[in-house]
Amino acid sequence: SAMAGVRKKPLAGGQYQGYYLDARGKRCFFSGVRSRAETLRMAQRLEDDHRQIKLGYRPPPSSADRHRDRECQEAVAEYLAWGGAQGGRGGRPWADTHRHNREVQLRWWLETLRLETLGDFSGLLPRVEAATRDLLAAGKSTKTIANQVEGLRGFAIWCEKRGYLSTNPLKGLAPFDTTPQVRRRAMSEEEIRRLIEVAPPERRLLYEVACVSGLRAGELRHLSMADLDLERGGLNLHASWTKNRQPGFQPLPADLLRRLHGFAATGMALALYQENHGSASTAVPVDPLLYVPSQPDRCMKRDLEAAGIPRWTPDGKLDFHACRTAFVSLLLEGEATVKEVQHLARHSTPQLTMNVYGRVRNDRLTAAVERVGARLAPGRAQQIECAHGVHAIPAGPQRESATSCLARDCASNIVVAGVGFEPTTFGL
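Predicted model, so just to flag it, every value in this text is computed and none were measured.

**Section: the pairing of strand β2 (residues 17-21)**
Remark: a regular strand shows side chains that alternate across the two faces of the sheet. Of all five residues in β2, four are buried; the element is thus mostly enclosed. Across two bridges, the pairing between strand β1 (residues 5-6) and β2 is antiparallel. Note that in β2 the partner of V6 across the bridge is G18. Where β2 lies against strand β3 (residues 27-31), five bridges are found, and the strand directions are antiparallel. Looking at β3, one finds that Q17 is bridged to S31. Between β2 and the antiparallel strand that follows it, β3, lie five residues; G25 among them carries a positive phi value of about 85 degrees.

Printed below as a string of structure tokens:
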């Protein structure tokens, strides 16, 4: 039986309140208009729609239908508030940098695609693909574009889970090839020493910590005096600012720990932050352990030039993140196991440690092949060793005597050491 009707008296604002029976048999109320008769007709139409839904003549309204007219700005504000409270791993808040990046990315998408309401997300995929092609034509890297798309994709997934969108409109978007176009090389021990020697005192310590801990620039920037653990011999890392959003502990050499403590106690790091960013800036940490410039790559470029170290070689380029590459490579060349290196680098898989950060050196490869050749032809081992030693002797007055000495050593079955380069344990 029909249950549609209108209350006898209007609401405080002058509108009449109507009611109807929905598809589930539940009475629903709504605010109509100032005309009682028109409000009754609205109630009757709503009840007739729900009767057709109940009989299966039309599909029931979805949650997304109710949110089609909701402003995108309002939904984005709710998304950012959620992320700032519990959007990170394990229900932890987003890092400040991540929240800022998401806000900037979504603002760009709303303006570029002219998205005003959530209903505008319908059929969005072709427009997003066209926008990414424009970014490619403008010279943006595929990694930058992938990050830009991820900001919109994350928001769409969040809306879908809450019923604000019926489906994720970017579900069919093909991924971008984000393989790095530029490969970083690992600095040698000698290059690291030269870099540290020419750098100013505050960056000298920064490079040293970066190369013996593998910490990223953003992580180093968050370190404070409270994170220095002299008893355990290292640094306490916090989930709120580590890249993997996991707490951790990074051991450091004892001498470096003492110098870090002494540097931080002088207050030089805090003074440099205040000088370059202002005392009221949010970029100034409380009791900073180190001073990390806002553009560490630019500073390192100048220091590399001063040290006479090429920034670009056939093996790749050097920037501040290359300190982390050097850290992992030096660990792998030492006595650490792959599992230990993976743990110290805080990587999720050994494949990331070995295939992305691990590097090989040509001199070590040559030495390894020479050793294999010597084992397969034992009778030629001494000949290989002698030949290798002769090639290493510089030209000059001493050449003849040195050559004869090598010949006598070989004749006396004395193996000449020094096939290949065996790096010493890295210590600064």
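Next, the rest of the story.
**Regarding helix α6 (residues 142-161)**
Structural remark: α-helix, 3.6 residues per turn; residues separated by three or four positions point the same way. Taking 1.5 Å of rise per residue, 20 residues should cover 28 Å, and α6 covers 28 Å from first to last C-alpha, within 8% of that figure. Among the residues of α6, those classed as buried are I145, Q148, V149, G151, L152, G154, F155, A156, W158 and C159. Taken together, the buried residues of α6 touch α3 (72-86), α4 (96-113) and α5 (125-137). Immediately beyond the C-terminal end of α6, within one or two residues, lies G163, with a positive phi of roughly 80 degrees.

**What to know about the packing of α3 against α6**
For the pair α3 and α6, the least separation of the axes is 11 Å and the interaxial angle reads 95 degrees. Comparing the axis directions of α3 and α6 gives the class roughly perpendicular. Contact with α3, carried on its side by A75, V76, E78, Y79 and W82, involves G154, F155 and W158 of α6 and no other residues of that element. For the contact of α3 with α6, the residue count by class is six nonpolar, one polar and one charged.

**A look at the packing of α4 against α6**
It is at 9 Å that the axes of α4 and α6 come closest, and there the two elements cross at 85 degrees. The angle between α4 and α6 falls in the class roughly perpendicular. Where α4 approaches α6, its residues R102, Q105, L106, W108 and W109 are matched on the opposing element by N147, Q148, V149, E150, G151, L152, G154 and F155.

**Side note on the sheet that holds β1**
The strands making up a sheet are joined through hydrogen bonds of the backbone, oriented either antiparallel or parallel. A sheet is described by the order of its strands in space; here three strands give the open sequence β1-β2-β3, paired in antiparallel fashion. Because the sheet does not close on itself, it has two edges, and the strands there are β1 and β3. Along the sheet face, helix α1 (residues 36-55) touches β1, β2 and β3 and points at about 20 degrees away from the line of β2.

**Observations concerning the sheet that holds strand β4 (residues 228-229)**
Ordered by their spatial adjacency, three strands build an open sheet running β4-β5-β6, and the pairing between neighbours is antiparallel. Only two strands of the sheet have a single partner each, and these edge strands are β4 and β6 (248-251). The sheet contact formed by strand β5 (residues 234-237) and β6 spans four bridges and is antiparallel. When the sheet's bridge partners are listed, G234 is paired in β6 with P251.

**Describing the side chain of R102**
Inspection of the secondary structure assignment puts R102 in helix α4. Put simply, R102 is tucked away with no salt bridge, and the nearest opposite charge, on E150, sits 4.2 Å away. When residues no more than four places from it in sequence are discounted, the contact partners of R102 are Y79, L80, W94, E150, G151 and G154.

**Focus: the nonpolar core**
Membership of the largest hydrophobic core comes to 43 residues, with the highest contact counts inside it found for M187, L220, L223, L235, L260, M300 and F320. Those elements that place two or more of their residues in this core are α7 (189-198), α8 (201-213), α9 (217-222), β5, α10 (254-265), α11 (268-277), α12 (296-307) and α13 (322-333). Sorting elements by how many residues they give to this core places α8 first, with seven residues. Setting aside anything within four residues of it in sequence, one finds L220 in contact with L206, V209, A210, L215, L290, V292 and F320. Listed in part, the 29 residues of the second largest apolar core include L113, L118, C159 and L170.

**Some points on unusual backbone geometry**
Positive phi values are uncommon outside glycine, yet R245 reaches one of about 55 degrees. You can see R245 is positioned in the loop between β5 and β6. R245 sits in the buried class, given a relative accessible area of 14%. Unlike most non-glycine residues, R346 shows phi in positive territory, near 60 degrees. By the element assignment, R346 lies in the loop between α14 (338-345) and α15 (350-357). Using a relative accessible area of 15% as the deciding quantity, one classes R346 as buried.

**Overview of the pattern of salt bridges**
Evaluation of the coordinates by the stated rule reveals 22 salt bridges. Across the pair R70 and E78 runs a salt bridge whose closest N-O atoms are separated by 2.6 Å. With relative accessibility at 27%, the residue E78 sits in the partly exposed group. Between K317 and D319 there is a salt bridge whose closest N-O contact spans 3.7 Å.

**Notes on the environment of L223**
Position of L223 relative to the elements: it lies in the loop between α9 and β4. Linking L223 and L235, residues 12 residues apart in sequence, is a C-alpha distance of 8.3 Å. With residues near it in sequence (within four places) discarded, L223 still touches L215, L235, N236, L237, W241, D287, P288 and L289.

**What to know about the packing of aromatic side chains**
Applying the stated criterion across every chain, the model contains 14 aromatic pairs. Geometrically, the ring pair formed by F155 and W158 is stacked, given 6.2 Å between the ring centres and 20 degrees between the ring planes. Of this pair, F155 and W158 both sit in helix α6, three residues apart, which is roughly one turn of the helix. Pair check on accessibility: F155 and W158 agree, each one buried. Ring centres of Y207 and F320 lie 6.3 Å apart, and the angle between their planes is 45 degrees; this geometry places the pair in the tilted category. Residue Y207 is found in helix α8, and its partner F320 is found in the loop between β8 (316-317) and α13; the two are separated by 113 residues along the sequence. Given a relative accessible area of 4%, F320 falls into the buried group.

Cut-off values and rules
Residues numbered from 1 in each chain as written. Predicted model: local features only at pLDDT ≥ 70, side-chain atom pairs only at ≥ 80, totals over all residues. Heavy atoms only, no water. Buried < 20%, exposed > 50% of the residue type's maximum accessible area, 1.4 Å probe, protein only. Helix = DSSP H or I, 4+ residues; strand = E, 2+ residues; numbered from the N terminus. Pairing = 2+ DSSP bridges. Expected span 1.5 Å × (residues − 1). Contact = heavy atoms within 4.5 Å. Axes fitted to C-alpha atoms, helices over the stretch in contact; angles between N-to-C directions. Parallel < 35°, antiparallel > 145°, perpendicular 65-115°, else oblique. Nonpolar A, V, L, I, M, F, W, Y, C, P; charged D, E, K, R; others polar. Lys, Arg positive; Asp, Glu negative; His and termini not counted. Salt bridge = Lys/Arg side-chain N within 4 Å of Asp/Glu carboxyl O. Core = buried A, V, L, I, M, F, W, Y, C linked by side-chain atoms within 4.5 Å. Phe/Tyr/Trp six-rings, centres within 6.5 Å; stacked < 30°, edge-to-face > 60°.

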